[in-house]
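# Report on the structure
Here's the letter readout for the chains.
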Protein chains: 2
Amino acid sequence: MVFMRFRPQFIFSSVPRSITKPRIPPTATLAAAAARRRHHTAAVATSMAATSEDALRRALAERQAAVDAQAEAVRALKAGGGASKADVDAAVEALKALKVEAGAAARRLQQAVGAGAGGAAREELRQAVVNTLERKLFYIPSFKIYRGVAGLYDYGPPGCRVKANVLSFWRQLLRIKDYGMCGLQHFVLEENMLEVDCPCVTPEIVLKASGHVEKFTDLMVKDEKTGTCYRADHLLKDFCKEKLEKDLTLPQEKADEFKRVLAILDDLSAEELGAKIKEYGIVAPDTKNPLSDPYPFNLMFQTSIGPTGLSVGYMRPETAQGIFVNFKDLYYYNGQKLPFAAAQIGQAFRNEISPRQGLLRVREFTLAEIEHFVDPEDKSHPKFVDVADLEFLMFPRELQLSGESAKLMKLGDAVSKGTVNNETLGYFIGRVYLFLTRLGIDKGRLRFRQHLPNEMAHYAADCWDAEIECSYGWIECVGIADRSAYDLRAHSEKSGVPLVAHEKFSKPREVEKLVIVPSKKDLGLAFKGSQKMVLEALEAMSEKEALEMKAALETKGETSFKVCTLGKDVVITKKMVSISMEKKLEHQRVFTPSVIEPSFGIGRIIYCLFEHSFYTRPSKSEEEQLNVFRFPPLVAPIKCTVFPLVKNQEFDDAAKVIAKALTTAGISHIIDTTAISIGRRYARTDEIGVPFAVTVDSTTNVTIRERDSKEQIRVDINEVASVVKQLTEGQSTWADVSAKYPAHVGPQGDQE
Amino acid sequence: MVFMRFRPQFIFSSVPRSITKPRIPPTATLAAAAARRRHHTAAVATSMAATSEDALRRALAERQAAVDAQAEAVRALKAGGGASKADVDAAVEALKALKVEAGAAARRLQQAVGAGAGGAAREELRQAVVNTLERKLFYIPSFKIYRGVAGLYDYGPPGCRVKANVLSFWRQLLRIKDYGMCGLQHFVLEENMLEVDCPCVTPEIVLKASGHVEKFTDLMVKDEKTGTCYRADHLLKDFCKEKLEKDLTLPQEKADEFKRVLAILDDLSAEELGAKIKEYGIVAPDTKNPLSDPYPFNLMFQTSIGPTGLSVGYMRPETAQGIFVNFKDLYYYNGQKLPFAAAQIGQAFRNEISPRQGLLRVREFTLAEIEHFVDPEDKSHPKFVDVADLEFLMFPRELQLSGESAKLMKLGDAVSKGTVNNETLGYFIGRVYLFLTRLGIDKGRLRFRQHLPNEMAHYAADCWDAEIECSYGWIECVGIADRSAYDLRAHSEKSGVPLVAHEKFSKPREVEKLVIVPSKKDLGLAFKGSQKMVLEALEAMSEKEALEMKAALETKGETSFKVCTLGKDVVITKKMVSISMEKKLEHQRVFTPSVIEPSFGIGRIIYCLFEHSFYTRPSKSEEEQLNVFRFPPLVAPIKCTVFPLVKNQEFDDAAKVIAKALTTAGISHIIDTTAISIGRRYARTDEIGVPFAVTVDSTTNVTIRERDSKEQIRVDINEVASVVKQLTEGQSTWADVSAKYPAHVGPQGDQE
C-alpha cells in the first residue's frame, strides 16, 4: 500500500486538473501522506525490464569478479617469480579477454538502465522537433532578449495559429452537432454547454474553500549558504538515477534500494525526504553546500488586490473554481434542469520551484475545462450509445497493479463491466478520445489510465487520465474525473450560499423521518456538566442505533449508551429522550449535484501533437534530411500555399485568381512568389505542416500536391478552390481526388 | 497651457494602450506633470452649455435675492404693527409668488447642471441595459457568492459567445482578404499579421525598460485612521461636482472656480491635488476622517517569480511588450522585410485603487493589440486607397481647441491635408472604423479624436482614439498611435540587443560623415580636471557647430567654445581637436523601425455594443416593455432559433430536420420546444439578440422571422437553412429575401 500526498501526478504540472485540484486524503491516518502517482506506473512499466536489468547487473558483477580474480592471479604469477614468461603472457591474455567481456557486459547494462539506444533515439527526436519548432517560431522562450524566465514560453505565429485551431475545435466540442463522425453513421452529438470566462486574479477566500491555499504545495530545500531553491524530490530522484545509471559496480542490494526509493518517491513525507537526503549526503548541485530540511512551498503566484495590501489574491491555478462559484446562476440559466455542463478556456498559473521538461512543465498555461453537473443518483448518459463502440487502449487499475500493459477495450464493455464507473464518465472518455485522435494524436500512443485507489481522493468516484506517449514518456494531457459533490459542497460551506439542485416530485412523496428530541431538563438533572456531550451523542445517533434505543426504552425503560466524548457509558432513561419515526410529505428532493470534469492541458496536447506529427525524409538529392509536420488540415496553421512555378506576370495573375477563390471558400493560404526552386518552397511549407500546395505552371490548369505522399494531381484552375476546400474540410480524401483527377508527373515534380 | 501627468486618458482605464503605455513628458520642465486628458474635451463640450448655466445661476440668485428682500419687507410690515391686514396679506402673497418663481429657477438650474433630463434618461437606459445583461448572464460580477471583488467580472454564456465572435472577427482582421466590403467594390485587403501569444507573468526588467515600473501610477490618499484608500482626483472631482450640482446658491465666482478645477483635474501634480484637498477641507467620504497627502500608487499587480522571493514579476498591464521583446525574431521570420505587423490578444491587468463605471473600468481585461513596424522614412501604405473614401466623424485637435464639435471628414482628405500624420496611421483608422461599425457600433456615436499636443509623448508622431458615446459619455475604446521608435529603442538599451532593421542598398552609397577627434593630451594639459567636460562637449557638437569651429580654427587658429557643464566659455586651439568630413561607402542603412499601434479594448467595445444594440418596444398587449438587442448576425451569440409552433411529433421532427440542415450549414442555433406561447418565445430570444427565428407551423413550409422588423416570410422547409445562411453571412439582406418569398401574416404572428 502506497501512501498519498496532496496532489497526484505532480510531474504533469503544466496542466491537468488532477494536479491543480486539491485532493483530500481518504482518511485521517493518511493526512500527512500524498498522492504523487507517476512512479507507480513507472515502477510497473520497469518491473518487466527489471528482471533483465538485474540479470545484466549480476552478469557484470560476475565478469568483474572474474577480472579481479584473474588480475590477482597475474600478480601472483609475476610476484612468485617462478612462472615462465609464456605462463604469464597467457594469464595476461586471459585477463584482457575477461576485461573485454566485462566491458561488453557493462555496455549492455548501461544500455538497459540508462539513456541507451531507445533513450538516445527519443532524445534525438526531441531535439529535432524542438529545433524545428524554435527555428520556425512555433514557440519562443519568453523574454529571450533578457535571457528569459524558466517555464515561460511564447507561441510564435505558426504556434499561435495551431493553438487557435485546437481551441476552436475544442469549442465545437462544446456544442458539437456532428453527423457521421468516425464512420459511426448514427453519431449525432449535440451539446449546449455554457461557456464562461472568469478572471485570473482570484481572491484568497475562493482558494481557501477549494483547499489550494493550504495544500497546493511542493516540498522544497534551500542551499543553506546561497538560498538557491530546489525541489526536494528532484534532488533525491537525480541522485538515485545517477547512481543507477553511472555506478555500474553498484551492489545489487544498493541498486534495489535506489529503485525502491524512485518507486515511492512521490509518497515520501517531508520528514522521510529529509532523512533520505541526509542519509545519502545529498548537497546543493551547483555549490555542494549543505541543504535545509524540506518544507512545503505554495505553488500559487500571490498578489494583492487593491491598494491597501490587505486583500490577498492569487493567480488562479485552474479555471474550474470560476465555474463552481457560478453554479447557482448557471443552474437557473439552464432552467433549473440537470444535467448541464459549463466550460471555460483560460490561463492558469503555477509558480514552479524549478521548471524542467520544456513545454510540458511551465509556469503559465492554457487550460480548457468542462464541469458537467449531474444528479448523483443518475449518471446515465443518453448519448453514451454514440461512443460505446469506440475501441482504444485502456489501462484500468487492475492491469497496472498486476504489472500488465494497457489493453484495447471497447468503451461500452468497460462501462458495462464496471471498469469505468458510470456512463457519463465513459461518454466523456469517448469524446476525449475522438477529440485527441482527430487532432492527429497517434492512437497507438494514447491510452486512458485509471487512477489507482491511492491516487484518488476519498470523495472521487473514478478518475481516468488521457496519457500521450512522447519523448518524455507517458504524459497526462487530459484528466477525466468524477469528483462527486466535493467542490460545490466546499463552496457552499465557505460562502453560506447553498449550491444545490432540486428535483420536484410530480406528486408529493410520503417519507418516514427519524425524529430524536432529547429533554434538556432531564439530561441536565442527570448529567450536570456532561449534559452537552450526552445531548450531542443522542442527536448524532444513526437510524439503527436510535431504533434499538427506542425498543430498549420501551421494553426496559432505560438503556446503557456509550458517549465517546465522555469516554464512558451512561444510563439513558425513557424520559430523557423521545424517539419516533414521523411521516412527512416531501414535494422535492434537494441535493448537491455531482460534477464530472474533463480537464484539457492545451499546451501539453499541442506539444505531444508536434512530436506525433513530426518526421524527416531525405531530400531528392539525399544530401539532407527534410522536416515535415503531418498536421491534419484541422490543425495546420495554413491550409494551402500557392506557388507560381516561375516568375512571370501570367502565373502571378493566375495565382491571384486562385488565392481569391480560396479566400471566398474560407481557406487560409499564402502565396509564395520567392524566386527559389519549387522543391525548396515545398520543403519550406512541409516544415510548417501545410497540407496542400497549388503550383501554377499554366494559366488554365494547375497542380495540387499532397504533403505526405508528395503526389500531385492536375486540376482546372476554376476547380482548385473547391477541391482544396473538400480536402481540408474532410468531404473528400486524397484518394478520392486522386481517383478523379489525372496525376501529374512532370518536370516540376518535387525537387527537394 | 495645461500640464501633463504620466498617463493620458486615465479615465478610460480598462483598456487603452495609451494609458497602459507610459508616456515620457515632452520636456524636463514638465517632468512632474502628467497628461490626464479626459477633462479637456469635457471642458470643451460643456463650454457651450456653460453660458446658459451661468445665466440660470444668475437668474436664480436674482430671484432668491427678491425672495429675501420681500421676506424682509413682510417681517417689517408685521413688526411695525401699523400695516393693515390687507397690506400684510398682499405682501405675503407677493412673497409666495416670488418663492414659486425662485423654485422654478432652481429646477431649471438643477436640470442644466445635474442629472437633468438627458442625464436621467442616460442613467435609465444604462440601468435597463445592465439589468438585462445581468439577468441573461451576459456578464456576472465575479465571485458573487463571496460578495465579489470590485472591478472583476465574468462573461456568462451569451456574453462569452459575443466575446468569442468579436475576437474571431478581429482575428479575421489580421489576415483579412475581403472583397466588396462596405460597397467599395475594389476593396481587397490582405494582411498576414504575425500573431503571438505571450505570458501574462512578466519579469520586472521588461516593465522597467518600458517605464511602467516607474510611471504607471495613480495618485492615492489614505484615510489616516482606517487606512482606506481613495483616488485623490476622484475625491476632488466628487467634491466639485457635488457643490456645482447640489449647492444652487453657490456664488458665481465659486462655481467658476470648481469648474476650472474639474477642467484641469487631470493635470494637477500630487502637491497641487493635496493643496486643493486641504483648501476645501475634503475628508474621507465614509468616516469623515482626515486624509493623507496624495502619493503615487503603482497600478500593476505585483508577484514573485520562482520560490526565492527575489525575482519580482508583474501581471502585464498591456500585451504590447511581449511583441516588442520578440521584434528581432519576428523580423527575421518575416524575411527581414518591412513593413510587417505582429498582433496579440490576451489578458491585461490593472490594480485599480477603487474601480467605478462597471464594465468600463476593471482590474482584468482583454486587449487585442497590433504593432505595425514601418520604416520611419516611408509611412505610406499601399492599401490606403482602399479606405481613403470612407467618411466619418473626426475630431482633430484644432476643432477641440476651438470648442467645436467633431465633423464628418473623408479619411483621404484628412491624410492629404496632414490632419492625420501619415498613410499608415490613416489606413488603420479606416480599418478600425470598419471593424467597429460592422460589429454594430452606431456611426453617429463613433468619433476619432486626435490627442492634444499635451496628451502625447514627445516621441509620438500622432495619436487618435476611436471614442464611442455611451451612457458614461465618450469612451476611448481603441487607441491608434504612431509611437515612433520609442519602444524598440527602450528595449534595445535595456537588453543590449539591437532591435533594428536593415535596408540593403542595391549599390553602395558614398556618404560624408563628420569626424571629431579631440586630442586628450592637449586637452589635459590645458584644462586639467575639467578636461572630461570639455572633451564631451566637443564630441557632442552638432554638424553645424563643428563646421563653424573647423572654419574658425583654420582661419584664426583658436576659438571660444561654450561648455555648458562647466558653465563657461573656454578657448579651443587647433591642436586640441581635429574636425573633418570623411567620405565612406555604406552598404546598408541600419535603423530602428517606427511602430504604429492600434490597441483594442475588447471589453469596452463589447459594453458599448451592448448599449448601442439595446432598445425596448411594447409587447402586443402594450402591457409591458420588451427588451431587444439588435446584434448583427456576426455578433449574435446564437444566429437562429427553431420553434415548433405547438407541441406535436410532426412539428418536432420537422424542427430536427431544419436543425440538422442548419448544423450542416454551420449556423449556430437552438431548438426551443418549451410549451409557452410563441410570442413569449420570440421575446425570450429577442432579449439575447437572436436575429432570426424559424417557426414550424407545417411540415412542408415554415416561417422565418426577422427580429427587428418582426416581419415573417414563408419558406419551403428544404430552403430554410440556405436562406438563413445567406442572411447571417451577409450574402442577402432581409429586403432581398422578403422580395423573393411570400410574407406570412397568420395567426401565429407576433404575440408579444
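Each residue is numbered by its place in its chain's sequence as written, counting from 1. Starting at A for chains and at 1 for ligands, labels are handed out in the order in which the entities are written. Selection of residues for local features in this predicted model requires a pLDDT of at least 70, selection of side-chain atom pairs for listing and counting requires 80 or more, and totals for whole chains, interfaces and linings are taken over all residues. Only heavy atoms go into the side-chain values, all of them from the structure, while hydrogens and water stay out.

## Some details on the overall build of chain A
- A count of helices and strands for chain A gives 24 helices and 30 strands.
- Under the scheme applied here, a residue whose accessible area is under 20% of the maximum for its type counts as buried, over 50% as exposed, and between as partly exposed, the area being computed with a 1.4 Å probe on protein chains only. Within chain A, buried positions represent 57% of all 752 residues.
- Any two residues whose heavy atoms approach within 4.5 Å are treated as being in contact. Contacts spanning at least 24 positions in sequence make up 70% of the contacts within chain A whose residues lie at least 6 apart.
- Here, Shrake-Rupley sampling with a 1.4 Å probe gives the accessible areas, and only protein chains in the shown set may cover a residue. As displayed, chain A has an accessible area near 31,400 Å², and 54% of this comes from carbon and sulfur atoms. The way it works is that DSSP assigns letters per residue, a run of H or I at least four long becomes a helix, a run of E at least two long becomes a strand, and they are numbered from the N terminus.

## Structural notes on the interface of chain B and chain A
- Each side of the interface is counted separately: chain B has 72 residues, and chain A has 72 residues.
- We define a salt bridge as a contact between a side-chain nitrogen of Lys or Arg and a carboxyl oxygen of Asp or Glu at a distance within 4 Å. Between chain B and chain A we count four salt bridges in total.
- Think of a polar contact as two N or O atoms within 3.5 Å of one another; within protein, one of them needs to be a possible hydrogen donor and the other a possible acceptor, and neighboring residues in sequence only count if both atoms come from side chains. There are 20 residue pairs in polar contact (both at pLDDT 80 or more) connecting chain B and chain A.
- Ranked by the residues each element gives to the side of chain B that touches chain A, the list is headed by helix H5 (residues 157-174) of chain B, at seven residues.
- Under the grouping applied here, Gly and all other residues not named as nonpolar or charged are polar, the nonpolar ones being Ala, Val, Leu, Ile, Met, Phe, Trp, Tyr, Cys and Pro and the charged ones Asp, Glu, Lys and Arg. Residue classes in the side of chain B that touches chain A are distributed as 39 nonpolar, 17 polar and 16 charged.

## Section: the side chain of Arg483 of chain A
- One can find Arg483 of chain A in the loop between strand S18 (473-482) and helix H16 (486-495).
- Separated by 3.3 Å, the side chains of Arg483 of chain A and Tyr459 of chain A make a polar contact.

## So, the pattern of salt bridges
- Considering all chains together, one arrives at 86 salt bridges over all chains under this definition.
- The shortest N-O distance in the salt bridge between Glu72 of chain A and Arg75 of chain A comes to 3.0 Å. Of the two residues, Glu72 of chain A and Arg75 of chain A both sit in helix H2 (residues 39-80), three residues apart, roughly one turn of that helix.
- A relative accessible area of 45% places Glu72 of chain A in the partly exposed class.
- In this structure, Lys407 of chain B engages Glu404 of chain B in a salt bridge whose closest nitrogen and oxygen atoms are separated by 3.4 Å.
- A cluster of three or more residues bridged by salt bridges with shared partners is formed by Asp218, Arg231, Asp233, Arg350, Glu352 and Arg361 of chain A.

## Observations concerning the sheet that holds strand S30 (residues 712-716) of chain B
All names here are of chain B.
- One requirement defines pairing of two strands: DSSP has to find at least two bridges between them. Taking strand neighbours across the sheet as the criterion, the five strands line up as S27-S26-S28-S29-S30 in an open arrangement whose pairing is mixed. Of all strands in the sheet, those with a lone pairing partner are strand S27 (669-671) and S30, marking the two edges. Ignoring strand direction, the axes of neighbouring strands in this sheet form an average angle of 25°.
- Bridge count for strand S28 (residues 692-696) against strand S29 (residues 701-706) is four bridges, and the pairing is antiparallel. Within S29, the position partnered with Val694 by the bridge is Ile704.
- Packing of helix H22 (residues 678-686) onto the sheet brings it into contact with strand S26 (640-644), S28, S29 and S30, and relative to S26 it is tilted by some 165°. In this analysis, axes come from line fits to C-alpha atoms, helices being fitted only over the stretch in contact, and the angle between any two N-to-C directions falls in the range 0 to 180 degrees.

## Here's the deal with the relation of the copies chain B and chain A
- Least squares is the method for superposing the copies, and the C-alpha atoms it fits come from residues with pLDDT of at least 70 in both. Overlaying chain B with chain A gives an RMSD of 0.4 Å, the required rotation being 179° about an axis along which the chain moves by 0.1 Å. One copy is carried onto the other by what is essentially a two-fold rotation axis. Relative to the rotation axis, the C-alpha of Thr303 of chain B is the closest in chain B, positioned 2.6 Å from it.
- The fraction of interface residues of chain B whose copies in chain A are also interface residues reaches 99%, indicating that both copies meet through the same surface.

## Quick notes on unusual backbone geometry
Residue and element names in this part refer to chain A.
- The omega torsion of the bond from Leu338 to Pro339 falls at -10°, within 30 degrees of zero and hence cis.
- Positioned with a positive phi, Phe143 is a non-glycine residue whose angle comes to about 55°.
- If you trace the backbone, Phe143 turns up in the loop between strand S1 (139-141) and strand S2 (153-155).
- Taking the relative accessible area as the measure of exposure, Phe143 reaches 3% and is therefore buried.
- Notably, Arg147 is not glycine yet its phi reads approximately 65°, a positive angle.
- By the secondary structure assignment, Arg147 is in the loop between S1 and S2.

## Let's talk about the environment of Leu626 of chain A
- Following the sequence through the fold, Leu626 of chain A ends up in strand S25 (residues 625-629).
- In this structure the C-alpha to C-alpha distance between Leu626 of chain A and Tyr615 of chain A, which are eleven residues apart in sequence, comes to 8.4 Å.

## Digging into the sheet that holds strand S13 (residues 364-374) of chain A
Residue and element names in this part refer to chain A.
- Taken together, the nine strands give an open sheet; going across it, the order is S5-S12-S13-S23-S18-S17-S16-S14-S15, and neighbouring strands pair in mixed fashion. Whereas interior strands pair on both sides, the edge strands pair on one side only; in this sheet they are strand S5 (194-196) and strand S15 (407-410). Averaged over all neighbouring strand pairs, the angle between strand axes comes to 30°, with direction disregarded.
- Across nine bridges, strand S17 (residues 462-470) lies against S18 in antiparallel orientation. Note on S18: the bridge partner recorded for Asp462 is Asp482.
- Against the sheet, helix H15 (residues 423-439) engages S13, strand S14 (391-395), strand S16 (446-450), S17, S18 and strand S23 (594-601), with an angle of about 145° to S18.

## Digging into the pairing of strand S21 (residues 568-573) of chain A
All names here are of chain A.
- Across six bridges, the pairing between strand S20 (residues 558-563) and S21 is antiparallel. From the neighbouring strand, Phe561 faces S21, where its bridge partner is Val570.
- Following S20, the chain reverses through four residues before pairing antiparallel with S21; Gly567 in that reversal takes a positive phi of roughly 75°.

## Remarks on helix H9 (residues 252-264) of chain B
Residues and elements named next belong to chain B.
- Under the 1.5 Å per step criterion, the end-to-end length of H9 is 19 Å for 13 residues, consistent within 8% with the ideal 18 Å.
- Of all the positions in H9, only Ala255, Glu257, Phe258, Val261 and Leu262 are classed as buried. Around the axis of H9, the buried residues are gathered within 160° of arc, so they sit on the same side. What a helix should span is 1.5 Å times the count of its residues minus one. Picture the helix axis, draw a direction to every C-beta atom, and the arc is the one those directions span.

## Description of the domain arrangement of chain A
- Segmenting chain A into domains produces domain 1 (47-113), domain 2 (217-298), domain 3 (319-489 + 594-602), domain 4 (510-591) and domain 5 (638-740).
- Averaged C-alpha coordinates put domain 2 of chain A and domain 5 of chain A at centres separated by 56 Å. Segmentation of the chain into domains, including their bounds, is taken from an automatic or database domain assignment.

## A closer look at the confidence of the model for chain A
Residues and elements named next belong to chain A.
- Confidence of the predictor at the level of single residues is captured by pLDDT, which takes values from 0 to 100. Summarising the model, chain A shows a mean pLDDT of 85, and 89% of its residues fall at 70 or more.
- This model gives residues 23-49 a pLDDT under 50, and the stretch forms 85 contacts once residues within four places in sequence are excluded.
- The ipTM value of the predicted complex is 0.80, and its pTM value is 0.81.

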